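# Examination of the molecular architecture
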Amino acid sequence: MTDTTDDIAEEISFQSFEDDCRLLGSLLKEVLQREVGPQFMEKLDRNRVLAQSACNMRLAGIEDAAKLLEKQIISEMSQMTLEEALTLARAFSHYLTLMGIAETHHRVRKTRNAAHLSKSCDDIFSQLVQGGVSPEKLYDTICNQEVEIVLTAHPTQINRRTLQYKHIRIAHLLEFKDRTDIGHEDRDMLIEDLVREITSIWQTDELRRHKPTPVDEAKAGLNIVEQSLWKAVPHYLRRVSSALKKHTGRPLPLTCTPIKFGAWMGGDRDGNPNVTAKVTKDVSLLSRWMAIDLYIRELDNLRFELSMNSCNERLSRLAHEILERETSPEDRHENWNQPQNWSHLKHQGQQVPSLPTQLPAGAGLPSCTACQDGDSQFPRVELPGRNHMLLNQQDGKGSARPDSSCNVSNHTLRKKLSDGNLSNLNNQPAATPRSASFSFNQLRAQRKLFAESQIGRTSFQKLLEPGLFERPTVAPYRIVLGHVKDMLVKTRKRLELLLEDLPCEYDPSDHYATSDELLEPLLLCYESLQSCGSGVLADGRLADLIRRVAAFGMNLMKLDLRQESGRHSDTLDAITRYLDMGTYSEWVEDKRLEFLTRELKGKRPLIPLTIEVPLDVKEVLDTFRVAAELGSDSLGAYVISMASNASDVLAVELLQKDARLAVSGELGRPCPGGTLRVVPLFETVKDLREAGAVIRKLLSIDWYREHIIKNHNGHQEVMVGYSDSGKDAGRFTAAWELYKAQEDVVAACNEYGIKVTLFHGRGGSIGRGGGPTYLAIQSQPPGSVMGTLRSTEQGEMVQAKFGLPQTAIRQLEIYTTAVLLATLRPPPPPREEKWRNLMEEISKISCQSYRSTVYENQEFLTYFHEATPQAELGFLNIGSRPTRRKSSGGIGNLRAIPWIFAWTQTRFVLPAWHGVGAGLKGVCEKGHTEEIKAMYKEWPFFQCTIDLIEMVLGKADINIAKHYDEVLVSESRRELGDGLRKELLTTEKYVLLVTGHDKLSENNKSLQRLIESRLPYLNPLNMLQVEILRRLRRDDDNLKLRDALLITINGIAAGMRNTGLLRWSGLCLFISYAGSFMESISLGNFVYCNGYEISSFMYYPSLSKLCLNSQRKTGRENDSRLLACSSITLMAMFTAPEDLRLMSRYCRVSLGS
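Presented here is a report on the structure given in the accompanying data block. Just so it is clear, the model here is predicted, and its values are computed rather than measured.

Rules and cut-offs
Residues numbered from 1 in each chain as written. Predicted model: local features only at pLDDT ≥ 70, side-chain atom pairs only at ≥ 80, totals over all residues. Heavy atoms only, no water. Helix = DSSP H or I, 4+ residues; strand = E, 2+ residues; numbered from the N terminus. Expected span 1.5 Å × (residues − 1). Bend = angle between axes of the 7 residues up to and from the residue. Buried < 20%, exposed > 50% of the residue type's maximum accessible area, 1.4 Å probe, protein only. Contact = heavy atoms within 4.5 Å. Axes fitted to C-alpha atoms, helices over the stretch in contact; angles between N-to-C directions. Parallel < 35°, antiparallel > 145°, perpendicular 65-115°, else oblique. Left-handed = near helix turned anticlockwise from the far one by under 90°. Nonpolar A, V, L, I, M, F, W, Y, C, P; charged D, E, K, R; others polar. Pairing = 2+ DSSP bridges. Right-handed = clockwise from strand over helix to strand, strands pointing away. Phe/Tyr/Trp six-rings, centres within 6.5 Å; stacked < 30°, edge-to-face > 60°. Lys NZ or Arg CZ within 6 Å of the ring centre and 35° of its normal. Salt bridge = Lys/Arg side-chain N within 4 Å of Asp/Glu carboxyl O.

### A word on helix α24 (residues 685-699)
For α24, with 15 residues, the first-to-last C-alpha span of 22 Å sits near the 21 Å given by 1.5 Å per residue. Of all bends in α24, the biggest is about 45 degrees, found at Ala691. Taken together, the buried positions of α24 are Val685, Asp687, Leu688, Ala691, Gly692, Val694, Ile695, Leu698 and Leu699. Against α23 (646-667), β5 (677-682), α25 (702-711), β6 (715-721), α26 (723-729) and α27 (731-751) lie the buried residues of α24.

### Digging into the packing of helix α7 (residues 161-177) against helix α9 (residues 214-248)
Running from N to C, α7 and α9 cross one another at 15 degrees; their axes reach a closest spacing of 12 Å. Relative to α9, the element α7 is oriented roughly parallel. Here α7 and α9 pass one another in a crossing that is right-handed. Of the residues in α9, those touching α7 at Arg161, Tyr165 and Ile168 are Asp216, Lys219, Ala220, Asn223 and Gln227. Of the residues in the contact of α7 with α9, the class split is three nonpolar, two polar and three charged.

### Some remarks on the pairing of β5
Taken across its six residues, β5 has five buried, putting it largely inside the fold. Pairing between strand β4 (residues 635-641) and β5: four bridges, direction parallel. The residue bridging Val639 from the neighbouring strand is Val679, located in β5. For the crossover that starts at β4, traverses α23 and ends in the parallel β5, the hand is right-handed. With two bridges connecting them, β5 and β6 associate as parallel partners. If you follow Leu681 over to β6, its bridge partner there is Met719.

### Here's the deal with the packing of aromatic side chains
Taken as a whole and assessed by the stated rule, the structure comprises 29 aromatic pairs. Taking the centre distance of 5.0 Å and the plane angle of 10 degrees together, the rings of Phe624 and Tyr638 count as stacked. One end of the pair, Phe624, is in helix α22 (residues 615-630); the other, Tyr638, is in strand β4, with 14 residues separating them in the sequence. Taken together, Phe860, Tyr863, Phe864, Trp899, Trp903, Phe908 and Trp913 form an aromatic cluster joined through their ring pairs. It is Arg90 that lies over the ring of Trp202; its NZ or CZ is 4.0 Å from the centre. Note that Arg592 overlies the ring of Tyr584, its terminal NZ or CZ placed 5.0 Å from the centroid.

### Observations regarding the pattern of salt bridges
This model, assessed by the stated rule, comprises 65 salt bridges. The closest approach of N and O atoms between Lys246 and Asp122, which form a salt bridge, is 3.2 Å. In this pair, Lys246 sits in helix α9 while Asp122 sits in helix α5 (residues 121-130), placing the two residues 124 residues apart along the sequence. When its relative accessible area of 58% is taken as the criterion, Lys246 is described as exposed. Given the relative accessible area of 30%, Asp122 is considered partly exposed. Salt-bridge contacts for Glu841 lead to Lys926; the nearest nitrogen and oxygen are separated by 2.4 Å. On the criterion of sequence distance, the pair formed by Glu841 in helix α31 (residues 833-854) and Lys926 in the loop between α35 (916-924) and α36 (929-938) is long-range, its members being 85 residues apart. By relative accessible area, Glu841 is classed as partly exposed at 22%.

Here is the structure:
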């Protein structure tokens, strides 16, 4: 039973949330009043209030009145012009987005204000220690925990990045508004800033006009790191360390990070021809460049902070060594050797100049200083005066003689200087010293031109550094960190050259290649501060930087590669045919394994250098070549989608080995890093059932087992896919097959003494394996989470979970504590074998029901295209990859994302629940109801599965789904829709029977309240989408209609969460009024009711009298339908649904039809 004080606290918390909603809504209304005018605002308010009234009527059980009001909304929308429909769609869409921002802020505020935060490190560590886990065990488990969150570019993030940034700024303003120390003037300025942001959002095109490239998607992922994770990770690690010290007496080791990050953006080529080998290389280099750039920024701040002189002997010695190197002639002006504009020369077709590798002492000094080395082989450029004469010094004699052939314009010289093309000046005579008549204007012009040159910039930089005579007093930390920064700057320059495809010398001593190299001087500074009694300084910004290096490395996120198994078979086909060995794909599995194992044991390359292959095969080979060049220092795993056999894994191992041999031979040195982990991805139900057998077969091969032990520390990684398995067999069957597959894979690895990491390919929606992170991890099979876990965070969920530092910190803590609990306190298995048998029976019936509808009913595919906006989703431009793996039009080749996305738009969410009702009904009718209820109470996996389905059912709307059918579906196929809606009601009935709840989401009142409060904005958007689809399918070339449709898709996506797209938003009804003005809705008219205060509406007899007066104003005194609907609307607006049930006698005035 919930504590009453908890209810009060929740109510107070919701009040703050509703205040934010009311503020943002009123500001948006103010902006719209100015942008679209009062006449349109009347229409918008009328639709909003009608929708609110219909929602309250339906919640009160007055179904007839709700339908009547919805018919009125539909009627008005059908009469709207295209421009009005577009503006209405935009307005409601922005309402939902703003309320979503308010909800996110509400969650952050609740977390911040909570005295005791559940699922936090402090909370879970305390529970475990009190539950008997020793401090030593807890400490070791956390220190050895390996969780990797892999960010993907799955096309479900519907908001443009520009708008995402504006939304983040609004969230920051809401956070600032909560401060208690801001005065009235600051608050007024804050409101003005909010108005500016909302105005900017309204005036910004919310639609992507072009598909993003894979590089664009990668940049979006890197932006998440820069704007949020970069700040969140050190804060999160501090929390872990603090909680560990509190409960075990020892803090988290400085270089230990329980969570790291990976990425698929730029590496996931499965069905995406836009991801090429060059894209992968560029994205990896870009990620490294971003990491280096962020470290340089942090070092600038850190150098300013660490100004003290006291240090230990090791740091002092290192600082003196650095000073000695800097004062040596060959290192003093090394920056000269870095041309700044090689790409400019390259694009003009010019040859990149060969610059000297060593410049003489004093070469970096300005030409007006005393440099008398006339024997130097390098030219010394004097900048000209007004007469544009180059002054020449010949044979060291110092005689000045003008020479017309030596005239070089300032423009030409400046261009050569800016291009770094100093060697081209060799054919110019050398300059003489200036004559005594050198004028002041000439000197000023010379200095100006000198300052603009690269030489001048280099010398100016020297002014910012301490002079040699000052060096002995410079703080040693600043010297060491300055050297670290110099190395990072050189590393960054090298990466820029590689990104430009320019030649780049390989000198390991000139740049940082690994994070260990970067950590070494940082840790030395940390140890020095600690030994000198400055631990409080060491544990500040320096410790945060060390933790960032440990977490992000030199790449921010290591890039996974993913490719379909069939593409590897095609590549080996081309190779074996070229070598006259036959066709690889036609061989039986045993023959494939024999061939692959033999080649893997050999030392020679398999692929001849002269081989000619088709372009698609060449792309696969180029990808492996790039993987060899980058190595495991930059890349993570190679994931094989649609894996089904052991040969799929060995094929990748062979192609990887061959590429590394080739690249190593060309470079004349070993490839960087080690080989990539090869990870089979089991996706379909058939492949999931065979996963354990495939892993057993792999580990039984001596070469492979030894390879895993030697090169991957005895660790096998296996990925399981949630999206395609759900589309293949339905959500319930997929969940059960995934559970069994994980059990079998773990057992297979245990048999061979190999550790296993399970990689979960979860989507954001329930239909694609999404749901609350904590619940999902806690319901995994026992033994499947042993301190290690990889999981994808896809598309819209990346922004939702990690877009703000506060939410990112919370999510990282939840990942850590959930994995910790699953490791030390794994969930129980099924209590008895009968439970497994019941699951098999439910799964079998559920799968049969699902597949009989989706795959075996010949009318279903056409019904799907008619009843949903699936065909129109391609215009959204939200991802770089196609919506289908292959060109055929069946459900099987449709990707899981558009499959879920389309049903989410109609609020039917069919993939997440279809078949579940049939399965539960089947076992309950056989007398197993009590066993099913016991399974729900005692088995976390079953409880999680049912709870997620219940959550989806709570967000589904049968009336909205029916409206799509009535307007868009051919009459001959509407019967199919009727049957599906009956199936939805059956599922709801049996889910409630199993859970013991009276209504959906009964155990989550907050969720229920948020769902109900967003409906006045979400329902009209769905009705408008239906109307726009109806028009668009008659005029499919109308670009304005298409824009209007896409905006409704944006809005519905903003209003939904977990069921398919961005977030389900908590909204509140706000009513604007001034003085005694109030407006009421009637069927077809606004009725203005002047002279009545809002409080009078609470008195029901007065309400009836008011409605009667409204009749008289409009001259429709005898219209009983108007009287009834006026009463219904007003009561619905100002009365809670439970009160409406008691008041229904006032409303039941002959409504007619």
